[in-house]
Amino acid sequence: MAEPNLSSPPDPSLSSPSSTPHPLTFPFLRQGSRVWEKSGELPSPLPTKRTRTYSATVRATSGPVFKGMCKNFSRSQGHGYITPANGAEDIFVHISDIEGEYVPVEGDEVTYKVCPIPPKNLKFQAVEVIITHLNPGTKHETWSGQIISS
């Protein structure tokens, strides 16, 4: 059997009259593939409140509470970093893991718990982040958009 030539149009004798030829796309979408049909993109590997498994949530919420300082946070990108008080490596924080009414800014003191980041679980991200002390002299924004001075 000869291999079909992909550069030429498909042979009408090979397809049924009710089917129409579809160009191949990558990734190959399969009917019923919920991941690809919803977003068309690969899901993020970072665990957020919505994507974290129950067991990972239990491990994170049962862990110890750490103190640190907000190094930076971008509301438009939805993430930032916390510098731990013990001088360890900066920890990633996702927007979905921030508790309270204020968007963190550089210099805010925070408390947090940690959760490993898959797939290798070698790095950690901050969860249940609570701003304990606003950085004085800076403008803070609430999640609704109201700006206040501290």
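Not measured: the values here are computed from a predicted model.

Asker: Just checking my understanding: could you explain the overall build of the protein for this structure?
Answerer: Summing up its helical and strand segments, the protein has 2 helices and 8 strands in all. Element order for the protein, N to C, with α for helix and β for strand: α-α-β-β-β-β-β-β-β-β. A buried classification covers 25% of the 150 residues belonging to the protein. Of the contacts formed within the protein by residues at least 6 apart in sequence, a portion of 53% connects residues at least 24 apart. Accessible area of the protein: about 11,100 Å², with a carbon and sulfur share of 58%.

Asker: Where do I start with the nonpolar core in this structure?
Answerer: Among the nonpolar cores identified, the biggest contains 12 residues, and these are C70, F73, I82, I91, V93, I98, V103, V110, Y112, A126, V129 and I131. Elements that contribute at least two residues to this core include exactly β1 (66–74), β3 (91–94), β5 (109–117) and β6 (123–133). At 3 residues, β6 tops the list of elements feeding residues into this core.

Asker: Which parts of the structure should I look at to understand the confidence of the model for the protein?
Answerer: If pLDDT is low for a region, its predicted coordinates should not be looked at in detail. Scored by pLDDT, the protein has a mean of 75; 63% of the residues are at 70 or more. This stretch, residues 24–39, has a pLDDT under 50; its non-local contacts, to residues over four places away or in other chains, come to 10 contacts.

Asker: Explain the pattern of salt bridges here, please?
Answerer: Pairing between side chains becomes possible if they bear opposite charge and their charged atoms approach one another. Inspection of every chain in the model, using the stated rule, returns 4 salt bridges. Residue K71 is joined to D90 by a salt bridge in which the shortest nitrogen-to-oxygen separation is 2.7 Å. You can see K71 sitting in strand β1 and its partner D90 sitting in the loop between β2 (79–84) and β3, a full 19 residues away along the chain. Taking relative accessible area as the criterion, K71 reaches 41% and is therefore assigned partly exposed. Look at D90 and you get partly exposed, because its relative accessible area is 26%. For K123, the salt bridge is made with E89, and the minimal N-O distance between the two is 3.2 Å. A residue pair is termed long-range when its members are at least 10 positions apart, and K123 in strand β6 and E89 in the loop between β2 and β3 qualify at 34 residues. Pair check on accessibility: K123 and E89 agree, each one exposed.

Asker: Help me understand the packing of aromatic side chains, please; the structure alone is not making it clear to me.
Answerer: Geometry of an aromatic ring pair is reported as the spacing of the ring centres plus the angle between the planes. Enumeration according to the criterion identifies 3 aromatic pairs in this entry. On the basis of an interplanar angle of 85° and a centroid distance of 6.5 Å, the ring pair of F73 and W143 is categorised as edge-to-face. In this pair, F73 is assigned in strand β1 and W143 in the loop between β7 (139–141) and β8 (147–149), connecting sequence segments 70 residues apart. You can call F73 buried: its relative accessible area is 15%.

Rules behind the numbers
- Residues numbered from 1 in each chain as written.
- Predicted model: local features only at pLDDT ≥ 70, side-chain atom pairs only at ≥ 80, totals over all residues.
- Heavy atoms only, no water.
- Helix = DSSP H or I, 4+ residues; strand = E, 2+ residues; numbered from the N terminus.
- Buried < 20%, exposed > 50% of the residue type's maximum accessible area, 1.4 Å probe, protein only.
- Contact = heavy atoms within 4.5 Å.
- Areas by Shrake-Rupley, 256 points an atom, 1.4 Å probe, with all protein chains shown as cover.
- Core = buried A, V, L, I, M, F, W, Y, C linked by side-chain atoms within 4.5 Å.
- pLDDT = per-residue confidence, 0-100.
- Salt bridge = Lys/Arg side-chain N within 4 Å of Asp/Glu carboxyl O.
- Phe/Tyr/Trp six-rings, centres within 6.5 Å; stacked < 30°, edge-to-face > 60°.

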